[in-house]
Amino acid sequence: MDETDRRLLAALRHDGRASVSDLSIELGVTRATVRARMEKLAQAGEIRGFSVVTRDDVATSPVRALTMLGLEGPGMDRIRRQLSGRREVRAVHSTNGKWDLIVELGTETLEALDGVLRDIRRLEGVATSETSLLLSTSRYSRV
């Protein structure tokens with residue numbers, strides 16, 4: 001992948017519906033080059049698809065946060081199941097380093113987020129946590 005491919009991916013992340021003509025102007029290459037590179041990136045698995053983000057996708061959970069969890073003892077699978085059963089949990093990611101899990105949360109209010117965080121911290125096996133509120137998002141990805 002070269003710089004043109006990276007710029008093309010960045011432009012598509014910004015606007016996945018951009019026309020080939022607009023992308024060619026933005027990148028300073030021909031439309032045929034844009035089409036060929038998009039096809040190559042799709043065949044290589046770099047582009048997995050395109051998505052639409054609706055107003056409701058953003059408005060449903062105006063308060064969003066990432067909560068990093070440090071676990072103790074066995075029970076990661078149990079904790080993942082408990083978390084994924086909650087409607088406020090958008091995704092649960094396992095990770096390496098200091099944190100064992102990263103949980104994406106979405107609620108209507110800060111008070112609701114506070115309640116979810118309190119419940120999560122009370123789960124057996126959760127030793128420590130840290131939460132960051134998401135203030136703004138430049139792009140959304142639905143994989």
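That block above? That's the structure.
Residues numbered from 1 in each chain as written. Predicted model: local features only at pLDDT ≥ 70, side-chain atom pairs only at ≥ 80, totals over all residues. Heavy atoms only, no water.

Colleague: Lay out the environment of Asp2 with the relevant residues and their values.
Modeller: Within the element layout of this structure, Asp2 appears in the segment before helix H1 (3-14). In this structure the side chain of Asp2 is engaged in a polar contact, spanning 3.1 Å, whose partner is the backbone nitrogen of Thr4. For Asp2, the side chain forms a polar contact with the side chain of Arg37, separated by 2.8 Å. (Helix = DSSP H or I, 4+ residues; strand = E, 2+ residues; numbered from the N terminus. Polar contact = N/O pair within 3.5 Å; in protein donor to acceptor, adjacent residues only side chain to side chain.)

Colleague: Lay out the pattern of salt bridges with the relevant residues and their values.
Modeller: Taken as a whole and judged by the stated rule, the model has seven salt bridges. A salt bridge links Arg86 to Glu88; its shortest N-O distance comes to 3.2 Å. Residue classification places Arg86 among the partly exposed positions, given a relative accessible area of 25%. Among the ionic contacts, a cluster of salt bridges with common partners joins Asp2, Asp5, Arg37 and Lys40. (Salt bridge = Lys/Arg side-chain N within 4 Å of Asp/Glu carboxyl O. Buried < 20%, exposed > 50% of the residue type's maximum accessible area, 1.4 Å probe, protein only.)

Colleague: Can you break down a nonpolar patch on the surface residue by residue, with the values?
Modeller: Together, Leu110, Leu133 and Leu135 line one region of the surface with nonpolar side chains, adding up to about 350 Å² of accessible area. Within the element layout of this structure, Leu110 appears in helix H6 (residues 110-121). (Patch = residues over 30% accessible without salt bridge, like charges linked within 9 Å, V, L, I, M, F, W, Y side chains within 5 Å. Areas by Shrake-Rupley, 256 points an atom, 1.4 Å probe, with all protein chains shown as cover.)

Colleague: Can you explain the pairing of strand S2 (residues 89-94)? Please cite residues and give values.
Modeller: Note: S2 against strand S3 (residues 101-107), five bridges, orientation antiparallel. Across the sheet, the residue bridging to Ser94 is Leu101, located in S3. Where S2 folds back onto S3 in an antiparallel hairpin, the turn is made up of six residues, including Gly97, whose phi is positive at roughly 90 degrees. (Pairing = 2+ DSSP bridges.)

Colleague: Could you give an account of the nonpolar core, with specific residues and numbers?
Modeller: Counting 17 residues, the largest nonpolar core has Leu69, Ile79, Leu83, Leu101, Val103 and Leu105 as the members making the most contacts within it. Of all elements in the fold, only strand S1 (63-71), helix H5 (76-84), S2, S3 and H6 reach the threshold of two or more residues within this core. Setting aside anything within four residues of it in sequence, one finds Leu69 in contact with Leu83, Trp99, Asp100, Leu101, Val103, Ile120, Val126, Thr128 and Ser129. Judged by nonpolar contacts, the second largest core, of ten residues, contains Leu9, Leu27, Leu41 and Ile47. (Core = buried A, V, L, I, M, F, W, Y, C linked by side-chain atoms within 4.5 Å. Contact = heavy atoms within 4.5 Å.)

Colleague: I'd like a description of the pairing of S3, backed by residues and values.
Modeller: Counting buried positions along S3 yields five of seven residues, so the element is predominantly enclosed. Inspection of the sheet shows S1 paired to S3 by seven bridges, in the antiparallel sense. In the strand pairing of S3, Leu66 is matched with Glu104.

Colleague: How would you explain H1 if you had to name every residue and give the values?
Modeller: Think of an α-helix as turning once every 3.6 residues; residues three or four places apart then point the same way. Here H1 spans 17 Å end to end across twelve residues, near enough to the 16 Å set by a 1.5 Å rise per residue. Looking only at H1, the buried set comprises Thr4, Asp5, Leu8, Leu9, Ala11 and Leu12. For H1, the angular spread of the buried residues around the axis is 160 degrees, confining them to a single face. Those residues of H1 that are buried lie in contact with helix H2 (20-27) and helix H3 (31-43). Backbone nitrogen of Thr4 and a side-chain oxygen of the N-cap are separated by 3.1 Å at the start of H1; the cap is Asp2. (Expected span 1.5 Å × (residues − 1). Arc of directions from axis to C-beta.)

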